[in-house]
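# An overview of the molecular structure
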Amino acid sequence: MTFASRLAAAVRRTRSVTCVGLDPRKANLPAGLRETVQGDRPEEWAAAYTQFCCEILDAVADLVPCVKPQAAFFEQLGPAGMISLGEVIAYARKKDVLVILDGKRNDIGSTATAYADAYLGGESPWGSDALTVSPYLGRDSIEPFVEVCDARRAGIFVLVKTSNPGGGLLQNRQTDGQTVYARVAELLTELNAPRTDSDGYGPLGAVVGATYPQELAEMRSAMPHSWILIPGFGAQGGAAEDVKAGFHPGGLGAVVNSSRHIIFAHARPEFAETYGDARWQDAVRAATEQMNQQLNVVD
Ligand SMILES: O=C(O)c1cc(=O)[nH]c(=O)n1[C@@H]1O[C@H](COP(=O)(O)O)[C@@H](O)[C@H]1O
């Protein structure tokens, strides 16, 4: 099955459009895990990150279709962090949870091929199902990813309209009568159209932030064949109402990422009293169930 079809199947199976973001941060780990790190060595933190993320996967594997490990937090720990990232991806695959690796990679065509070869598909050393990709280098930097997606039934999520407040400086620029982000969307639709599955989706997904609901609606209709990854829910202020426009009728077409609000739910006032640090895994599960209920869009 293609990545788009696997994602649709996982959404239907779990009846969830929640993507749990695996963004471990030293300062926010539950106390019990922080205490396992005695010498402040990267290897110790990496072991704590692996345990943290694998226990999150244990808590949510039956509740969500996918997770999104953020490479930056693992890279912060150097080589030990990269080993941890590999272990977390492998564990997610074992648990039958799709992995969208958040690396926001890209480069000139030949180097883009190397990134695609590295990250995409179960046959690759990293083994992720999909990868976030920057469009800034143009069409010939996206095509190598598409070729690997075709060969390995993988997917990419290309940055279209990002959730951060400053994204508009470049993305909202008008050029030839349209915004830059709309031009990126046009390119994705052109590349996706000949590659759609029975639900109408191709391997080129898009990233559109929950913090821009109007643009999300605009992008939903501009990219009928793209799964949309919607970050910015929860900690960045996006709410259920803001992401509605990202979905097609029936509830396919988008997954909504939340990282901090789920993985550090034990510290949120609404969960802290019931669960606290000691039962942080239960807080993660409760926060995921709450998000599933808020986003109840799957028929
Ligand atoms: O590609 C992304 O996932 C991404 C794109 C974007 O526009 N905004 C955005 O926040 N993200 C990522 O989504 C996650 C959001 O984390 P929280 O704000 O903690 O839910 C982080 O890993 C970000 O790097």
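Residues numbered from 1 in each chain as written. Predicted model: local features only at pLDDT ≥ 70, side-chain atom pairs only at ≥ 80, totals over all residues. Heavy atoms only, no water.

### Looking at the overall build of the protein chain
The line we're drawing: By the criteria applied, helices consist of DSSP H or I runs no shorter than four residues and strands consist of E runs no shorter than two, each listed in order from the N terminus. Residue contacts are counted whenever heavy atoms from the two residues lie within 4.5 Å of one another. For the accessible areas, the method is Shrake-Rupley and the probe is 1.4 Å, while residue cover comes only from the protein chains on display. Positive residues here are Lys and Arg, negative ones are Asp and Glu, while His and the chain termini are left out of the count. Where a charge sits is defined by one atom per residue type, namely NZ (Lys), CZ (Arg), CG (Asp) or CD (Glu).
Scanning the protein chain for helices and strands turns up 14 helices and ten strands. Principal-axis analysis of the C-alpha atoms gives the protein chain an extent of 55 × 40 × 40 Å. Long-range contacts, defined here as pairs at least 24 residues apart, represent 72% of the contacts in the protein chain between residues at least 6 apart. For the protein chain, the exposed surface amounts to about 12,400 Å²; the carbon and sulfur share of it is 50%. Taking the average location of the 27 positive side-chain charges in the protein chain and that of its 35 negative ones, the two points are 1 Å from each other.

### Digging into helix H6 (residues 109-119)
Given 3.6 residues per helical turn, the α-helix brings residues three or four places apart onto the same face. Heads up, the condition is: Burial status follows relative accessibility: with a 1.4 Å probe on protein chains alone, a residue under 20% of its type maximum counts as buried, one over 50% as exposed, and anything between as partly exposed. In this description, the arc belongs to the directions extending from the helix axis to the C-beta atoms.
Along H6, the residues classified as buried are Ala-112, Ala-116, Ala-118 and Tyr-119. All buried residues of H6 project into a common sector of 160° when viewed along the axis, lining one side. Along its buried surface, H6 packs onto strand S3 (98-105), strand S4 (130-133) and helix H7 (139-152). Two residues or fewer after H6 comes Gly-121, characterised by a positive phi angle close to 95°.

### Thoughts on unusual backbone geometry
A positive phi angle, near 60°, is found at Asp-40, a position not held by glycine. Within the secondary structure, Asp-40 sits in the loop between helix H2 (31-34) and helix H3 (42-60). In the Ramachandran plot, Lys-104 falls in the positive-phi region, its phi being about 45° despite a non-glycine side chain. In this fold, Lys-104 is placed in strand S3.

### Focus on the packing of aromatic side chains
Our working rule: A pair of Phe, Tyr and Trp rings is counted when the ring centres sit within 6.5 Å of each other, with Trp represented by its six-membered ring. The angle between the planes then sorts it: under 30 degrees is stacked, over 60 is edge-to-face, the rest tilted. By definition here, charges over rings are those cases where NZ of Lys or CZ of Arg is within 6 Å of the ring centre and within 35 degrees of the ring normal.
Counted according to the given criterion, the structure contains seven aromatic pairs. A centroid spacing of 5.9 Å and a plane angle of 90° characterise the contact between Phe-3 and Phe-157, whose relative ring orientation is edge-to-face. In this pair, Phe-3 sits in helix H1 (residues 3-14) while Phe-157 sits in strand S5 (residues 155-161), placing the two residues 154 residues apart along the sequence. Comparing Phe-3 with Phe-157, the two get one shared label, buried. Each residue in the set Phe-52, Phe-264 and Trp-280 is aromatic and connected to the rest through ring pairs, giving one cluster. One Lys or Arg, Lys-161, reaches over the ring of Tyr-212 and ends 4.1 Å from the middle of that ring.

### Let's talk about the sheet that holds strand S9 (residues 228-230)
How we decide: In this description, strands pair whenever DSSP reports at least two bridges between them. To get an axis, a line is fitted to the C-alpha atoms, and for a helix only the part in contact is used. The angle between two axes follows their N-to-C directions and goes from 0 to 180 degrees.
Strand order in the closed barrel made by the eight strands is S1-S2-S3-S4-S5-S8-S9-S10, with parallel pairing throughout. Across the sheet, the mean angle separating the axes of adjacent strands is 30° when strand polarity is ignored. Inspection of the sheet shows strand S2 (residues 66-69) paired to S3 by two bridges, in the parallel sense. Residue pairing in the sheet places Cys-66 in a bridge with Leu-98 of S3.

### Side note on the environment of Val-67
Examined against the element boundaries, Val-67 turns out to sit in strand S2. Once the C-alpha coordinates of Val-67 and Gly-251 are considered, the two residues, 184 residues apart in sequence, prove to be 18 Å apart. Once residues lying within four places of it in the same chain are set aside, the contact partners of Val-67 are Cys-19, Val-20, Leu-22, Leu-57, Ala-92, Val-97, Leu-98, Val-99 and Ile-100.

### Concerning the UniProt feature "domain: Orotidine 5'-phosphate decarboxylase" (unreviewed entry) in the protein chain
Here is the rule: UniProt positions are given in the numbering used here, feature names are shortened, and annotations may be inferred rather than shown by experiment.
Per the UniProt annotation, the sites labelled "domain: Orotidine 5'-phosphate decarboxylase" (unreviewed entry) are residues 17-275. Secondary structure within residues 17-275 divides into 42% helix and 17% strand; the distance between the first and last C-alpha atoms comes to 25 Å.

### Here we look at the site of the ligand
Here is the rule: Note on definitions. A residue lies near a molecule or strand when any single heavy atom of the residue is within 4 Å of it. What qualifies as a polar contact is a pair of N or O atoms within 3.5 Å, subject to a donor-acceptor requirement within protein and to the restriction that residues adjacent in sequence count only when both atoms come from side chains.
The environment of the ligand is formed by 17 residues, the closest being Asp-23, Gln-70, Ser-163, Gln-236 and Arg-260. Between Ser-163 and the ligand, the recorded distance is 2.6 Å, taken from a side-chain N or O atom to a nitrogen atom. Between the ligand and the protein, one listed contact pairs an oxygen atom with a side-chain N or O atom of Gln-236 at 2.8 Å. Against a free-state accessible area of 510 Å², the protein chains account for coverage of 90% of the ligand.

### Some thoughts on the environment of Gly-253
Inspection of the secondary structure puts Gly-253 in the loop between helix H11 (240-243) and strand S10 (254-258). Owing to a relative accessible area of 0%, Gly-253 belongs among the buried residues under this scheme. Taking C-alpha positions, Gly-253 is 8.2 Å from His-225, a pair spaced 28 residues apart along the chain. With sequence-adjacent residues up to four places away left out, Gly-253 is seen in contact with Tyr-201, Arg-220, Ser-226, Trp-227, Ile-228, Gly-246 and His-248.

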